[in-house]
Every structure is written in structure tokens, then in C-alpha cells.
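# Survey of secondary and tertiary structure
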Amino acid sequence: ALNYLFLETLYLGAPLIHNSPLLQDYGYYYPDFNTSAGALQLNKALKDHSLNLQAYKQEAAECINKYSPTNPTVLEIYRKLFNENRHCN
């Protein structure tokens with residue numbers, strides 16, 4: 001549902017046409033394996049992407065920050081996981 005290629009695509013400002021529920025608010029999302037909806041998103045990207053590039057890049061930056069290892073929320077999650085698991089041995 002999430003991989004680095006998706007985030008790299010967003011970072012570059014390229015149109016991300018995808019079906020990842022974790023990123024449904026970013027790029028050009030279509031649900032499940034609905035190829036008809038995917039085709040509509042592809043057409044939308046081809047038609048409108050360059051017209052909305054600045055807004056797309058701003059939303060992409062928000063998405064990238066959401067998963068960034070420098071995001072304080074992400075750091076806190078890792079801190080908690082580390083503290084929970086260091087006593088497992």
C-alpha cells in the first residue's frame with residue numbers, strides 16, 4: 001500500500017496514478033483494482049496536471065512529510081516501538 005516509489009514520484013512532481021488507500025488524498029487515486037476509475041484518473045492527469053502543478057507539489061510535500069523520518073510524530077512512534085521492544089530479549 002506504500003512504497004518509496006510512490007513518495008519519489010510525488011517528490012518529483014510527476015503525476016502519481018495509484019490505488020494505495022494510504023495515499024488516497026494525494027496524486028490521482030482510484031479504488032481497488034477499478035481500471036475504469038484508473039483510466040479516468042489517467043485522463044485527468046494528462047489533461048490537468050500541468051495546470052495544477054503548484055498545488056500538486058504542495059500537497060505532495062505534505063504527504064512526504066507525513067512519512068518522513070524527520071517528522072516529530074514519526075520519531076515518537078519509532079521511540080515508542082524501540083522502548084517497547086528493547087525489553088523483549
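Below, the discussion takes up the overall build of the protein. In terms of regular secondary structure, the protein is built from four helices and two strands. Reading the helices (α) and strands (β) of the protein from amino to carboxyl end gives α-β-β-α-α-α. The C-alpha atoms of the protein give a radius of gyration of 16 Å, which is well past the 12 Å a tight globule of 89 residues would have. Put simply, the protein has 89 residues, and 28% of those count as buried. Put simply, of all contacts in the protein between residues at least 6 apart along the chain, 40% involve residues at least 24 apart. Total accessible area computed for the protein in this model is approximately 6700 Å², and 57% of it derives from carbon and sulfur atoms. Between the averaged position of the 7 positive side-chain charges in the protein and that of its 8 negative side-chain charges there is a distance of 4 Å.

Let's shift gears to the layout of surface pockets. Approximately 310 Å³ is the volume attributed to the largest pocket. Surrounding the largest pocket, L2, N3, Y4, L7, E8, Y11, I64, Y67, S68, P69, V74 and Y78 form its lining. At the level of secondary structure, the elements contributing two or more residues to the lining of the largest pocket comprise α1 (4-12), α3 (53-67) and α4 (72-85). Of all the elements, α1 adds the most residues to the lining of the largest pocket, at four residues. When its residues are assigned to classes, the lining of the largest pocket shows nine nonpolar, two polar and one charged.

The end-to-end C-alpha distance of helix α2 (residues 35-48) is 19 Å, a good match for the 20 Å that 14 residues give at a rise of 1.5 Å each. Every buried residue of α2 is accounted for by A37, G38, Q41, A45 and D48. Angular distribution of buried residues about the axis of α2 spans 115 degrees; they occupy a single face of the element. Across α2 from its buried face, at more than 90 degrees, point the exposed residues T35, S36, L40, L46 and K47. Against β1 (17-18) and β2 (28-29) lie the buried residues of α2. Its side-chain oxygen placed 3.1 Å from the backbone nitrogen of S36, N34 serves as the N-cap of α2.

Moving on, we get to unusual backbone geometry. Even without being a glycine, D32 presents a positive backbone phi close to 50 degrees. In this structure, D32 sits in the loop between β2 and α2.

On the surface, a nonpolar cluster with roughly 270 Å² of combined accessible area is contributed by I17, L42 and L46. Considering the arrangement of structural elements, one finds L42 in helix α2. The class of L42 is partly exposed, set by a relative accessible area of 40%.

What counts and what doesn't
- Residues numbered from 1 in each chain as written.
- Predicted model: local features only at pLDDT ≥ 70, side-chain atom pairs only at ≥ 80, totals over all residues.
- Heavy atoms only, no water.
- Helix = DSSP H or I, 4+ residues; strand = E, 2+ residues; numbered from the N terminus.
- Rg over C-alpha atoms; globule rule 2.2 N^0.38 Å.
- Buried < 20%, exposed > 50% of the residue type's maximum accessible area, 1.4 Å probe, protein only.
- Contact = heavy atoms within 4.5 Å.
- Areas by Shrake-Rupley, 256 points an atom, 1.4 Å probe, with all protein chains shown as cover.
- Lys, Arg positive; Asp, Glu negative; His and termini not counted.
- Charge placed at Lys NZ, Arg CZ, Asp CG, Glu CD.
- 1 Å grid on protein atoms, 1.4 Å probe; cavity = no way out; pocket = protein on both sides within 12 Å on 5 of 7 lines; lining within 4 Å.
- Points joined across faces, edges and corners; volume = space filled by probe spheres on them.
- Nonpolar A, V, L, I, M, F, W, Y, C, P; charged D, E, K, R; others polar.
- Expected span 1.5 Å × (residues − 1).
- Arc of directions from axis to C-beta.
- Polar contact = N/O pair within 3.5 Å; in protein donor to acceptor, adjacent residues only side chain to side chain.
- Patch = residues over 30% accessible without salt bridge, like charges linked within 9 Å, V, L, I, M, F, W, Y side chains within 5 Å.
- Salt bridge = Lys/Arg side-chain N within 4 Å of Asp/Glu carboxyl O.

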